[in-house]
Structure formats: C-alpha cells, structure tokens
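Structure assessment
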Amino acid sequence: MPLDQHWDEQEEEGGGEMTFIEHLEELRWHIIRALAAIIIFTVLAFVFKTELWNGVILAPSRPDFWTYRKLCEFAEVVSAPDLCVKKIDFILINREMTGQFMMAITYSFFIGLSLAFPYAFWELWRFIRPGLRDVEVSASRGAVFWVTFLFFCGVLFGYYVVSPLAINFLADFKIDESIENQVDISSYVSLLVMMVLACGLTFQLPMIIFVLSQVGIVTPKFMREYRKHAFIVILIIAAIITPSPDIFSQLLVTAPLLLLYEISIFVSARVNNKREKARLASEIAEENEMRFRNNQ
C-alpha cells in the first residue's frame, strides 16, 4: 500500500498522524521492497554474466570498443593519428582460486544496484513525500525522474568516456618497455566501477543544488560569483577522474561538468524566483488581510 494512501486512510479514520513505531514499520517495508528489487536485478545479472562480462564489462579493454572506434574516426578527420586507439597494451589475469567467482558476484551486485536505483529511490521518495508540505511537494515534482535521468547520464558518460580514456592511458603508461602489464581482474573491475559510479553521483549536482537552494543555503548570485573558483575545482576533478595528460581527454570530461554547473545555476535561479514570488504573494495576502480588518 502506498505510504500517502496509508496516511490518508488513517486521517479519515480519525487516527491522526502515524506513531514513531508505525513510521519505522512503514520505512522497513520500503527498504525491504527496494532490497528485493536490487536482489532480483543482481540475480538476473548473474544469470546473464557471460553476456554482460563479454559485451559490457570487458568491452572497454578491447580496441574495438565503441569509444575507441569513434576516436579513430575523429583522428582521421582532424589528421591526428595519435588519438586513434589500435591496441590496449595489457592482459587480464586472475591470481586467486575464487577470484572469478567473487568478481561475478560482486559485479552482478553493482549492476543490480544500478538497474534497481530508480525503483529504490522511488520507494524512498514514497516514504518522504507524505511528510512534506504541499508547497514542497509541488516544488519537488519530477524529482524521481530527474534523479534517475541524471544518474544514468552520468553512468553512460563514465562508461563510454571516462573509463575508456583512463584504461587506455594507464595501459599505455610504462616506465620501461621491458615491463609487461598483467592486470588482475579485480583491479580492472574496481577501476571501472569507481569511474562509472563516480560519474553517476557527480551528475547529481543539479539536484543537490536544487535541494540546497530550496533551503536557502545556495543562491544563483553565490554560484555566479564563484564561477571562476568552480571552474578550477572542475579542472582538478577532471584531472583526477582522467589521469591522461592530453588536453583532448581533459576537455571531454571538463565540458559536461561545466555544463552541469551552468545548469545548476539555472536551477538555483528558478528555485530562488519561485521563493521570491511565494514570499511576495504571502506579504500581499497579509496586507490585504490587515486592510480588510481595518475596514471592518
């Protein structure tokens, strides 16, 4: 039963607000349903592990990956052959008896968590929403959609842009040609997961600014004043995410982050305008009420 429906039925029956224990019970069921979705997607990912590992997880380690092919096409257009990735100079190995099995379980969980994220967030939102005021509910309409949309945009960006750039650079970086790169599968998977999830969370910046603007912590004026400082921070973040020193890779990561910052300014400005309109409307209503009382 939806939480808001549960509350409405209680109010109609004259039960008033839910008790603390009832809140915990309701929260428990939301958590159970969210975990059930994660488990279901995790099991499905494990069942189709061969297809996922060959076509998704290991794909950035091969030169025929979509991103590398597009880089080669771009390299031909701009006459920059160095941009074309023709070989990923490392081999993946497993050094532990249970290594591949544990990797299959671990990565199935991360895939299950990513795919179940929209439903899990929706369950959390269903629990929080009834406790919000009508104005807050109206202001946060579409939150589930935008959080999900930004998360998957970040995941795709991390998978198709950041991860292949990082993998290619680290595979080609050598302190001596006599050293062969034999990378443990756990190291490769950890890097891929870190890059993808980090981008998925980083792309939540507009939603974070939306919340902070709602409570009055962040304003568009503040964000515009510190735009230059934010640009430096974004460059540092891009440098951390992509260890490659070439400017092209840096720009590929910096551009979307800058766009997210500008979108966040727009979001903050819109929230601020709505707050100002609501404040003015409240003041006008109070003035009209005082005039009405004086006239009487």
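These lines cover the structure that appears in this document, whether it is placed above or below. This structure is a prediction, so every number in the text was calculated from the model and none was measured.

1. Thoughts on the overall build of the protein chain
The helix and strand inventory of the protein chain stands at twelve helices and two strands. The buried share of the protein chain, taken over its 296 residues, is 35%. Long-range contacts, defined here as pairs at least 24 residues apart, represent 78% of the contacts in the protein chain between residues at least 6 apart.

2. Brief notes about the state of the cysteines
Put plainly, a disulfide is one covalent bond tying together the sulfur atoms of two cysteines. Scanning the model with the defined rule gives one disulfide in all. Between the sulfur atoms of Cys 72 and its disulfide mate Cys 84 the distance is 2.0 Å. Its S-S torsion of about 85° marks the bond between Cys 72 and Cys 84 as right-handed, since a negative value means left-handed. Of this pair, Cys 72 sits in helix α4 (residues 66-78) while Cys 84 is found in the loop between α4 and β1 (91-93), placing the two residues twelve residues apart along the sequence. In this structure, Cys 72 and Cys 84 share a single accessibility class: buried.

3. Comments concerning the nonpolar core
If you look at the biggest cluster of nonpolar residues, it comprises 44 residues, and the most contacted ones within it are Ile 57, Tyr 107, Tyr 188 and Val 189. Where this core is concerned, the elements lending two or more residues are α3 (49-57), α4, α5 (99-128), α7 (143-172), α8 (185-202), α11 (227-241) and α12 (247-295). A total of ten residues in this core trace back to one element, the largest contributor, which is α7. Counting seven residues, the second-largest nonpolar core is a separate cluster that includes Val 147, Leu 150, Val 267 and Val 271.

4. Some remarks on the pattern of salt bridges
Inspection of every chain in the model, using the stated rule, returns eight salt bridges. The salt bridge partner of Asp 64 is Arg 62, with a shortest N-O separation of 3.8 Å. Judged by its relative accessible area of 27%, Arg 62 falls in the partly exposed class. Across the pair Glu 123 and Arg 126 runs a salt bridge, and its minimum N-O distance is 3.3 Å. Here Glu 123 and its partner Arg 126 are both found in helix α5, three residues apart, which amounts to about one turn of the helix. Judged on exposure class, the residue Glu 123 and its partner Arg 126 are both buried. What you see here is one network of salt bridges that share partners, running through Arg 33, Glu 123 and Arg 126.

5. As for the packing of α3 against α5
At their nearest, the axes of α3 and α5 sit 11 Å apart, and the two run at 75° to each other. In terms of axis orientation, α3 runs roughly perpendicular to α5. Where α3 approaches α5, its residues Lys 49, Leu 52, Trp 53 and Ile 57 are matched on the opposing element by Met 103, Ala 104, Tyr 107 and Ile 111. Partitioned by chemical class, the residues of the contact of α3 with α5 number seven nonpolar, no polar and one charged.

6. Observations regarding a positive patch on the surface
Taken together, the side chains of Arg 141, Arg 270, Lys 274 and Lys 277 present a region of like positive charge at the surface. With respect to the element layout, Arg 141 can be found in the loop between α6 (134-139) and α7. In this structure Arg 141 comes out as exposed when scored by relative accessible area, which is 65%.

7. A few points about the packing of aromatic side chains
By convention here, two paired aromatic rings are described through the distance between centres and the angle between planes. Throughout the structure, instances matching the rule amount to 19 aromatic pairs. Arranged with centres 4.3 Å apart and planes meeting at 25°, the rings of Phe 117 and Phe 151 form a pair that is stacked. Of this pair, Phe 117 sits in helix α5 while Phe 151 sits in helix α7; the two residues are 34 residues apart in sequence, bridging distant segments of the chain. We classify Phe 151 as buried; its relative accessible area is 5%. Ring geometry for Phe 169 versus Phe 173: centroids 5.9 Å apart, planes at 40°, classification tilted.

8. Remarks on a nonpolar patch on the surface
Side chains of Ile 31, Leu 35, Ile 39, Ile 40, Phe 41, Val 43, Leu 44, Val 47, Phe 48 and Leu 115 sit close together on the surface and give an oily, nonpolar patch of about 910 Å² of accessible area. Examining the composition of the nonpolar patch, we find that eight residues originate from one element, helix α2 (residues 20-47), more than from any other. Along the chain, the position of Leu 44 falls in helix α2. Residue classification places Leu 44 among the partly exposed positions, given a relative accessible area of 43%.

Reading the values: rules and limits
Residues numbered from 1 in each chain as written. Predicted model: local features only at pLDDT ≥ 70, side-chain atom pairs only at ≥ 80, totals over all residues. Heavy atoms only, no water. Helix = DSSP H or I, 4+ residues; strand = E, 2+ residues; numbered from the N terminus. Buried < 20%, exposed > 50% of the residue type's maximum accessible area, 1.4 Å probe, protein only. Contact = heavy atoms within 4.5 Å. Disulfide = S-S within 2.5 Å. Core = buried A, V, L, I, M, F, W, Y, C linked by side-chain atoms within 4.5 Å. Salt bridge = Lys/Arg side-chain N within 4 Å of Asp/Glu carboxyl O. Axes fitted to C-alpha atoms, helices over the stretch in contact; angles between N-to-C directions. Parallel < 35°, antiparallel > 145°, perpendicular 65-115°, else oblique. Nonpolar A, V, L, I, M, F, W, Y, C, P; charged D, E, K, R; others polar. Patch = residues over 30% accessible without salt bridge, like charges linked within 9 Å, V, L, I, M, F, W, Y side chains within 5 Å. Areas by Shrake-Rupley, 256 points an atom, 1.4 Å probe, with all protein chains shown as cover. Lys, Arg positive; Asp, Glu negative; His and termini not counted. Charge placed at Lys NZ, Arg CZ, Asp CG, Glu CD. Phe/Tyr/Trp six-rings, centres within 6.5 Å; stacked < 30°, edge-to-face > 60°.

Any functional reading would require information beyond the geometric quantities listed.
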